[in-house]
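Fold and geometry: a report
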Amino acid sequence: MRPPAVLRISIRSRDKRGFGLWLPLFLLWPLAAVLVVVAAPVWYTVAFFYWAFGEGKRWLIMPWRAAALVCSLPGLRVDVENSPDDKVKIHFS
Amino acid sequence: MSDDRKRILNMVREGRITVEEAGELLSAVGGDTAGSETGVPHEAVKKVKYLRVLVEDKERGANVNIRVPMALLRAGIKLGAILPDHAREKVDEALKDKGFNIDLSKADPETIEQLITSLSELTVDIDTREEGKAAKVRIFCE
């Protein structure tokens, strides 16, 4: 499993105007990695304090589960076509 | 899909039993199907990667094509199971409004796996032809 590398959005409206976006999400990976390194100590400190209230385990697991969710996005496709000239496409790959 | 499995999944959809109870029932009826612990043949478990929803409305020329990775379903349910109580209650309420009476807090990994592997056998075909209208809905796994 890996995070989504590219997000493609394509929108075409009835007046024939439309646009396509190719978003290179892989460029955000280093930024996300830095954020994780910075946020991890704070997050786990909070988890440590919440342990007393029985909520610590949830706080420990949550970032991993959230990461798993993001890493499951590749392959997700949503194509909606109201008419041949009115289309929206969202693809994660 | 066997009649027993269909009946259990219908009971979950109608909110008559919880996800946990459905898991136990599916395990119980799984014995009649050779292949895996969940009762789904190994070949089906390996092949299924996506849940597909196709809607075709020929009258309006509208089409919807959604492909959801099974891994995303799995990860979403697992994340939902550890949400704070107040947030999970809202999610449960929203699901209930849509006809899914599911308690996410009781969704342990084994139950989730059983439900998702059971989904791999799911195929729903709805074909409506009324007064010139032609709409088709297909939900299946691939």
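Details of the structure are given in the entry above.
Calculation criteria
- Just so you know, the residues in each chain are numbered from 1, in the order the chain's sequence is written.
- Here the convention is simple: chains get letters from A, ligands get numbers from 1, in the order in which they are written.
- Only residues with pLDDT of at least 70 are given local features in this predicted model, and only at 80 or more are side-chain atom pairs given and counted; all residues enter the totals for whole chains, interfaces and linings.
- The basis for the side-chain values is all heavy atoms of the structure; hydrogens and waters are excluded.
- Numbering of helices and strands starts at the N terminus; helices are DSSP runs of H or I of at least 4 residues and strands are runs of E of at least 2.
- Buried residues are those whose accessible area, probed at 1.4 Å on protein chains only, stays under 20% of the maximum for their type, while exposed residues exceed 50% and partly exposed ones sit between those limits.
- Only heavy atoms matter for contacts: two residues are in contact if any of them lie within 4.5 Å across the pair.
- All accessible areas in this document rest on Shrake-Rupley with a 1.4 Å probe, and a residue is counted as covered only by the protein chains that are shown.
- Two parts placed together each lose some accessible area under a 1.4 Å probe, and adding up what both lose gives the buried area.
- The term salt bridge refers to a pairing of a side-chain nitrogen on Lys or Arg with a carboxyl oxygen on Asp or Glu at a separation within 4 Å.
- By the criterion applied in these results, polar contacts are pairs of N or O atoms within 3.5 Å in which, for protein atoms, one can donate a hydrogen and the other can accept it, and in which residues neighboring in sequence qualify only through two side-chain atoms.
- In this classification, Asp, Glu, Lys and Arg are treated as charged, Ala, Val, Leu, Ile, Met, Phe, Trp, Tyr, Cys and Pro as nonpolar, and every other residue, Gly included, as polar.
- Two strands make a pair as long as DSSP finds a minimum of two bridges between them.
- Paired rings are identified among Phe, Tyr and Trp, the last through its six-membered ring, by centres lying within 6.5 Å, and are further divided according to the angle between planes into stacked (under 30 degrees), edge-to-face (over 60) and tilted (the rest).
- In our convention, an over-ring charge means Lys NZ or Arg CZ found within 6 Å of a ring centre and within 35 degrees of that ring's normal.
- In this description, a nonpolar core means a group of buried Ala, Val, Leu, Ile, Met, Phe, Trp, Tyr and Cys residues linked to one another through side-chain atoms lying within 4.5 Å.

A few points about the overall build of chain A
The helix and strand tally for chain A stands at 2 helices and 4 strands. The order of helices and strands in chain A, counted from the N terminus, is β-β-α-α-β-β. Within chain A, buried positions represent 23% of all 93 residues. Residue pairs at least 24 apart in sequence account for 44% of intrachain contacts in chain A once pairs closer than 6 positions are excluded. Total accessible area on chain A is roughly 6,400 Å²; 73% of this is exposed by carbon and sulfur atoms.

Section: the interface of chain B and chain A
At the junction of the two partners, chain B supplies 22 residues and chain A supplies 20 residues. Overall, the association of chain B and chain A removes approximately 1,800 Å² of surface from exposure, summing both partners, and the carbon and sulfur fraction of that is 59%. Three residues stand out in chain B for area buried against chain A, namely B:R67, B:L72 and B:I82, and they jointly supply 32% of the buried area on that side. Between the two partners, chain B and chain A, sit 0 salt bridges. Counting every contact that joins chain B to chain A gives 7 residue pairs in polar contact (both at pLDDT 80 or more). Listed by contribution, the elements that provide at least two residues to the side of chain B that touches chain A are β2 (62-69), α4 (70-81) and α5 (85-97) of chain B. No other element matches the 8 residues that β2(B) contributes to the side of chain B that touches chain A. Residue classes in the side of chain B that touches chain A are distributed as 13 nonpolar, 4 polar and 5 charged. In the sheet, strand β3 (residues 77-83) of chain A pairs with β2(B) via 5 bridges, with the strands oriented antiparallel. Along β2(B), the bridge assignment pairs A:E81 with B:N63.

Here we look at the side chain of A:H91
All names here are of chain A. Mapping H91 onto the fold places it in strand β4 (residues 86-92). A relative accessible area of 12% means that H91 is categorised as buried. There is a polar contact of 2.8 Å between the side chain of H91 and the side chain of D79. Once residues within four sequence positions are removed from consideration, H91 is found in contact with V6, L7, R8, L76, R77, V78 and D79.

Describing the pairing of strand β1 (residues 6-12) of chain A
All names here are of chain A. As paired elements, β1 and strand β2 (residues 18-24) share 7 bridges and run antiparallel to each other. Paired with I9 across the two strands is L21, which belongs to β2. Between the antiparallel neighbours β1 and β2 lie 5 residues, among them K16 with a positive phi of about 70°. When β1 meets β4, the two strands line up antiparallel, connected through 6 bridges.

As for the packing of aromatic side chains
In the structure shown here, the tally under the stated rule is 4 aromatic pairs over all chains. Aromatic pair A:F48 and A:F49: ring centres 5.8 Å apart, planes at 75°, arrangement edge-to-face. Counting every residue linked through ring pairs, the aromatic cluster contains A:W43, A:Y50, A:F53 and A:W59. The side chain of B:R67 reaches across the aromatic face of B:Y50, ending 4.2 Å from its centre. The side chain of B:R138 reaches across the aromatic face of B:F140, ending 4.4 Å from its centre.

Description of the nonpolar core
Grouped together as the largest cluster of nonpolar side chains are 15 residues, with contacts concentrated most on A:L76, A:F92 and B:M70. At the level of elements, β1 of chain A together with α4 and α6 (109-119) of chain B are the ones that each hand at least two residues to this core. In contact with A:F92, other than residues within four places in its own chain, are A:P4, A:V6, A:L7, A:L25, A:L73, A:P74, A:G75 and A:L76. Counting 9 residues, the second largest nonpolar core, distinct from the first, contains B:I8, B:L9, B:I17 and B:A22.

Quick notes on the pairing of β3(A)
All names here are of chain A. Here β3 runs beside β4; their pairing, made up of 6 bridges, is antiparallel. Opposite S83, over in β4, you have D86 as the bridge partner. Connecting β3 to the next strand, β4, in antiparallel fashion are 2 residues.

Function cannot be inferred from these measures alone, as they are strictly geometric.
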